[in-house]
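# Architecture at a glance
Here are the chains, one letter per residue:
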Protein chains: 2
Amino acid sequence: MYRSHSCGELRTSDINKEVTLSGWVQKTRDKGFMIWVDLRDRYGITQLIFDEERTPSDVVDKAKTLGREFVIQVKGDVIERESKNPNIPTGDIEILVTELQILNEALVPPFTIEDETDGGEDIRMKYRYLDIRRNPVKNSLMFRHQVAMKVRNYLSEADFIEVETPYLIKSTPEGARDFVVPSRMNQGQFYALPQSPQTFKQLLMVGGMDKYFQIVKCFRDEDLRADRQPEFTQIDCEMAFVEQEDILNIFEGLTRHLIKDIKGQEINDFPRMTYDEAMRTYGNDKPDIRFGMKFGELNSVAQHKDFKVFNDAELVIGIAVPGGASYTRKEIDKLVDWVKRPQVGALGMVYAKCNEDGSFKSSVDKFYDQEDLSEWAETTGAKAGDLICVLSGQANKVRGQLSALRMELAERLGLRNPEEFAPLWVVDFPLLEWDEDTERYHAMHHPFTSPKPEDISLLDSKPGDVRANAYDLVLNGNEIGGGSIRIHDKETQALMFNHLGFTPEEAKEQFGFLLDAFQYGAPPHGGIAFGFDRLVAILGGQETIRDFIAFPKNNSGRDVMIDAPANIDNVQLKELHIQLDL
Amino acid sequence: MYRSHSCGELRTSDINKEVTLSGWVQKTRDKGFMIWVDLRDRYGITQLIFDEERTPSDVVDKAKTLGREFVIQVKGDVIERESKNPNIPTGDIEILVTELQILNEALVPPFTIEDETDGGEDIRMKYRYLDIRRNPVKNSLMFRHQVAMKVRNYLSEADFIEVETPYLIKSTPEGARDFVVPSRMNQGQFYALPQSPQTFKQLLMVGGMDKYFQIVKCFRDEDLRADRQPEFTQIDCEMAFVEQEDILNIFEGLTRHLIKDIKGQEINDFPRMTYDEAMRTYGNDKPDIRFGMKFGELNSVAQHKDFKVFNDAELVIGIAVPGGASYTRKEIDKLVDWVKRPQVGALGMVYAKCNEDGSFKSSVDKFYDQEDLSEWAETTGAKAGDLICVLSGQANKVRGQLSALRMELAERLGLRNPEEFAPLWVVDFPLLEWDEDTERYHAMHHPFTSPKPEDISLLDSKPGDVRANAYDLVLNGNEIGGGSIRIHDKETQALMFNHLGFTPEEAKEQFGFLLDAFQYGAPPHGGIAFGFDRLVAILGGQETIRDFIAFPKNNSGRDVMIDAPANIDNVQLKELHIQLDL
């Protein structure tokens, strides 16, 4: 038996017990006659003491050889600690060691195994197994497990069945790029790794499975943007005999449960907002509603004077920055520079300070009088002491620019409190979006998303205006879930394919098995998928997902620890009937 | 709202309620003035009644158009059923329908959606989404979910953390063939899909994660034997600071819990048996101990006469077949033929009947007298009325042959009761096994399995005799789990690699990152992995795993429903820097 207790559990009530502990040497302090060792395991840290007068001399000698991260086993007695450490749960006791066994030595680790380490991202990834010893990573992985258990138990209680769908499936040309797997037994053919279990969960609905979920790995061979992984985890869900409202209610329930159970917070307000409203009010389909700064549309109160910039613009919008009237000229210039960065792309910014005395001072005083500016303040909700920032231009672009500015200012003003949770449903997404490259409409969600029945008549005249029964769950400005009610009848499906530019033959070739299935009694159904990595990170109060993934890949899709991907030998290639084409 | 109740929940206490149900038309009976429809969903079947006198005539007319597997929604009143059906929970009531909506029509399914279907394996796989509507498949998938939940909750309660390990890893030449995934971003390089998370779970132990588990898909590109799948699911576990005994106890606990919780059976006896004993007593390292028929070693009581076949044999062994003395000559001849089949490979079989009067009649009466045969009976445990079957030859071969016979006879005698559960640990597996092809020793488990310390001295002299700290969990004659204590110090690891014929350079190339990790303070650790598909099937009382997998592949590794693997287009190949080599 390697241990009678963990390094996190001994208390004063255990004093005088003889115990056996195992773990890693966090640090040693050698005073010559006395040696202290902090022994660490997953559960905590316990202080060991080796005392020349009370510990056998050979044990003391051995203790002097201990280095950082050595793995040891000790036997000893729990005694009261002279100088207690109130910062750790075991801080009232220590172990007077009588026996010491070195289970394994350790090279000096390439970075410190401390909460605040001296190791940079790259070295921590290469030695991820050492990084995992650090509390921030270890706790994140344990937290992820807790969230997964809570999700599974909640959905299982609600009669959902977790069904494992296959990983070796078929490549489809729609959507993002697939990872493919050459088949040895089927020469020249390939499996694909699933981008999501979408078709299988719909087939499960046709199969009568009714309430399905799965926490499942998905794969996308995309050029990796920051904080994306080629393999990622989804909470994938589908239900039959439901309308959009049923799905929103069930998963609103799950979200409330998680936030309550994990963070102890009751969510009072769980608003629903249309896509149009989100775009108009926040310039963004995943607005962070933990703070205000809603957009004010200023066209009617800004296009009546001789200011050509505004007059030529499709849209003039502004936000009120709380307390911003106190910004210096230099600070405001910096803001203007910030919106003019290529990543944001504004051509300039107009501002108006709302002075404490009720007067206004703007960058366009030449064109607008106090009464005009007072209307701006009213429209943007600006109060005395605030700064009104105004952008103008083509509607879609300027909304995106002002949204970026809003988020940046909120970050600077500390309005994005990671311990506050503000979920939101964004509903009524457009069914189709115009693709500039191919000059045709694409399904915004996927080709099986159902249009709102009342909008179907617009499919020919104004395809871009057709709304879908599609919805996103947004949490603190992040899209953490998205889904839709699916088409389940072949007439609507044919209509959709037609509008997406598929011939019936193409539709059959690409989605044949699903279309076949739909002819054998497909029930009305719909679903949702949550990005689990992101959900866990946000619930854990973090912006990045990497520490919530045990062995993440870098931005080139490499696992630098195991050095994958790697070359494979020619025998393997030959067996797979492929050759390199470099 | 598509339904107020499921098709499985209405009872006499619901009579007079107005309800809405949705589901599939299981069958219709049209008596002209009255139509009955069995409506089915995941939860059960409810009888609908359309009555010319009480149902609006347009509804009756529409009901007459319903075909099998149509998806419908009905509104109606719960009424008492005239002729009750005691076989289903809703058999006391029926729904007098007032409104009917056809949600989707259905083609006539290619096989009947009944427990006993008229569809063969192939057609059921092609239309798996229809097969899943059948109770045997649906219930198996729901059962699988329940088992998974119980496993997760049990291990989580025991402080295990489920950690997701990566699916895109590195190919290793050891073991079975990997599926590989060409990397687009890393030209000419490949990921591999994991055959198991073995190295990652060991790295988690180095990372201090201490108690790890994961229910995880694994992949092996093997030629598929019956009832094997290229992708399969494992309950993968690893623990640090444990000895073999700790691991056996924990997972004995899990096994007992599952059998108790799922089958209501208390396991009294959970024996441990050495590999040697299992081979000697049952000729098999995964003996089914639900029944006896233990091997009797007859060398000493069969090699003292002039029977050359036995005298030349390395081993003479027999089993007692309960009640077999009544077999006719013809039946026994058939048994002899059975053991001579190429799949078994015996050259012949000697038998002796234990007559009720205490006398014996054998096929070798020419050589052996009644006293000899009496000793045979004693050694094999044969009683009056039994048949002793004796095989002889090279020890390993003859054990395998007699084991096959033992299993076959048990099957015929109905001794393999699927509702009885007899788990067993087989321990002390050999560390190495001789490979005829390469003429060298291979690791029986994997190269990181630790030898028993007391046997290390035999590594040079008798490598085949070295036992490992390796163990299998056997349930009803199936290996459902296997694992080992791992090597965690570099001296023993070097010794192992040396005996497996690796140069230090080769070891570094293939297992470098793990060996590196072992230098930074690896704790003693060990683990086990369960074949989840098999475990679920056995707990479900089935011999084959296929119905417990939602979308299985056939023996050529094909998914015949979605028709995968499939060709991919040249653009895709080009992006991946590979070309076909057919």
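Described in the following lines is the structure provided in the data block. Residues take numbers from 1 onward in each chain, read along the sequence in its written order. Chain letters and ligand numbers both follow the written order, the letters beginning at A and the numbers at 1. Totals for whole chains, interfaces and linings use all residues, but because this is a predicted model, local features are given only for residues with pLDDT of at least 70 and pairs of side-chain atoms are given and counted only at 80 or more. Excluded from the side-chain calculation are hydrogens and water; included are all heavy atoms of the structure.

### Points about the side chain of Gln 73 of chain A
All names here are of chain A. As a reminder, the rule being used: Secondary structure follows DSSP: runs of H or I at least 4 residues long count as helices, runs of E at least 2 residues long count as strands, and numbering of each begins at the N terminus. Here a polar contact means two N or O atoms within 3.5 Å. Within protein one must be a hydrogen donor candidate and the other an acceptor candidate, and residues neighboring in sequence count only if both atoms are side-chain atoms. Note on contacts: a residue pair is in contact if any heavy atoms of the two residues lie within 4.5 Å.
Considering the arrangement of structural elements, one finds Gln 73 in strand S4 (residues 71–80). A polar contact is formed between the side chain of Gln 73 and the backbone oxygen of Met 1, at a distance of 3.3 Å. A polar contact of 3.1 Å, which involves the side chain of Gln 73, links it to the backbone oxygen of Tyr 2. Those residues in contact with Gln 73, other than ones at most four positions away along the chain, are Met 1, Tyr 2, Thr 20, Leu 21, Ser 22, Glu 99, Leu 100, Gln 101 and Leu 103.

### Some points on the pairing of strand S18 (residues 432–435) of chain A
Residue and element names in this part refer to chain A. To keep things clear, this is the line we draw: Should DSSP find at least two bridges between two strands, the strands are taken to pair.
Here S18 runs beside strand S19 (residues 440–443); their pairing, made up of four bridges, is antiparallel. Its bridge partner lying in S19, Leu 432 is registered against Ala 443. Between S18 and S19, which pair antiparallel in sequence order, lie four residues; one of them, Glu 439, sits at a positive phi of approximately 55°.

### Details of the sheet that holds strand S16 (residues 387–393) of chain B
Residues and elements named next belong to chain B. In space, the five strands of this open sheet follow the order S12-S13-S16-S14-S15, with antiparallel pairing throughout. At either margin of the open sheet sits one strand with a lone partner, and together these are strand S12 (296–297) and strand S15 (360–362). Pairing geometry for strand S14 (residues 350–354) and S15, over three bridges, is antiparallel. Along S15, the bridge assignment pairs Lys 353 with Lys 361.

### Some words on helix H16 (residues 532–539) of chain B
All names here are of chain B. Rules: Each residue's exposure class comes from its accessible area (1.4 Å probe, protein chains only) as a fraction of the maximum for that residue type: buried when under 20%, exposed when over 50%, partly exposed otherwise.
Burial of H16 is extensive: seven of the eight residues sit out of reach of the surface. Among all positions in H16, only Phe 532, Asp 533, Leu 535, Val 536, Ala 537, Ile 538 and Leu 539 are buried. The inward-facing, buried residues of H16 contact helix H4 (135–157), strand S10 (231–240), helix H6 (244–263), strand S20 (470–475), strand S21 (478–485) and strand S22 (525–531).

### Observations regarding the interface of chain B and chain A
For the record, the criterion: The quantity reported as buried area is the accessible area (1.4 Å probe) lost by two parts once they are put together, taken as the sum for both. The term salt bridge refers to a pairing of a side-chain nitrogen on Lys or Arg with a carboxyl oxygen on Asp or Glu at a separation within 4 Å. Ten residues, namely Ala, Val, Leu, Ile, Met, Phe, Trp, Tyr, Cys and Pro, are considered nonpolar, four, namely Asp, Glu, Lys and Arg, are considered charged, and the remaining ones, Gly among them, are considered polar.
Listed per partner, the contact involves 125 residues of chain B and 125 residues of chain A. Of the roughly 11,200 Å² buried at the junction of chain B and chain A (both faces included), carbon and sulfur atoms supply 59%. For the pair chain B and chain A, the interface holds 12 salt bridges. In this structure, the salt-bridge partner of Arg 184 of chain A is Asp 221 of chain B, at a minimum N-O distance of 3.1 Å. Where chain B touches chain A, the interface holds 68 residue pairs in polar contact (both at pLDDT 80 or more). With nine residues, the top contributor of residues to the side of chain B that touches chain A is H4 of chain B. Of the residues in the side of chain B that touches chain A, the class split is 67 nonpolar, 26 polar and 32 charged. Judged from the three bridges that link them, strand S23 (residues 578–580) of chain A and strand S23 (residues 578–580) of chain B form a sheet pairing that is antiparallel. Its bridge partner being in S23 of chain B, Leu 580 of chain A is matched across the sheet by Ile 578 of chain B.

### Overview of helix H14 (residues 490–499) of chain B
Because the α-helix completes a turn every 3.6 residues, residues three or four places apart line up on one side. All names here are of chain B. The condition is simple: As used here, the arc is the angular range of directions from the helix axis to the C-beta atoms.
Among all positions in H14, only Thr 492, Gln 493, Met 496 and Phe 497 are buried. Summarising the axial view, the buried residues of H14 lie within an arc of 135°, below the 170-degree limit, and thus occupy one face. For H14, exposure combined with an orientation more than 90 degrees from the buried face picks out Glu 491 and Asn 498. Backbone geometry just downstream of H14 places Gly 501 in the positive-phi region, at approximately 85°.

### Let's talk about the pattern of salt bridges
Inspection of every chain in the model, using the stated rule, returns 96 salt bridges over all chains. With a shortest N-O distance of 3.8 Å, Glu 162 of chain B and Arg 152 of chain A are connected by a salt bridge. Highlighted residues: Glu 162 of chain B in strand S6 (residues 161–162) and Arg 152 of chain A in helix H4 (residues 135–157), drawn from two different chains. The exposure class of Glu 162 of chain B is buried, given its relative accessible area of 11%. On the basis of relative accessible area, Arg 152 of chain A is assigned to the buried category, the value being 5%.

### What about the relation of the copies chain B and chain A?
This is how it is decided: Superposition of the copies was done by least squares, using only C-alpha atoms of residues whose pLDDT is at least 70 in both.
Rotating chain B by 180° and translating it 0.0 Å along the rotation axis places it on chain A, where the RMSD comes to 0.1 Å. Given the turn and translation reported, the copies of this chain are related as if by a two-fold rotation axis. A symmetric contact is evident, with 100% of the interface residues of chain B recurring at the interface of chain A.

### Things to note about the sheet that holds strand S5 (residues 93–104) of chain A
Residue and element names in this part refer to chain A. Definition in use: Note on definitions: angles span 0 to 180 degrees between N-to-C directions of axes, and those axes are lines fitted to C-alpha atoms, for helices only across the stretch in contact.
Strand order around the closed barrel formed by five strands is S1-S2-S3-S5-S4, with mixed pairing between neighbours. On average, each strand axis in the sheet is tilted by 55° relative to the strand beside it, whichever way the strands run. As paired strands, S4 and S5 are joined by 10 bridges and run antiparallel to one another. Residue Val 71 lies in a different strand from S5, and its bridge partner there is Asn 104.

### A short note on the state of the cysteines
Residue and element names in this part refer to chain A. Spelled out, the test is: Sulfur atoms of two cysteines make up a disulfide when they are within 2.5 Å.
Taken as a whole and judged by the stated rule, the model has zero disulfides over all chains. Here Cys 218 is not disulfide-linked; the sulfur of Cys 237 is the nearest cysteine sulfur, at 12 Å. The cysteine Cys 354 is free of any disulfide, with Cys 389 supplying the nearest cysteine sulfur at 10 Å. Since its relative accessible area comes to 3%, Cys 354 is described here as buried.

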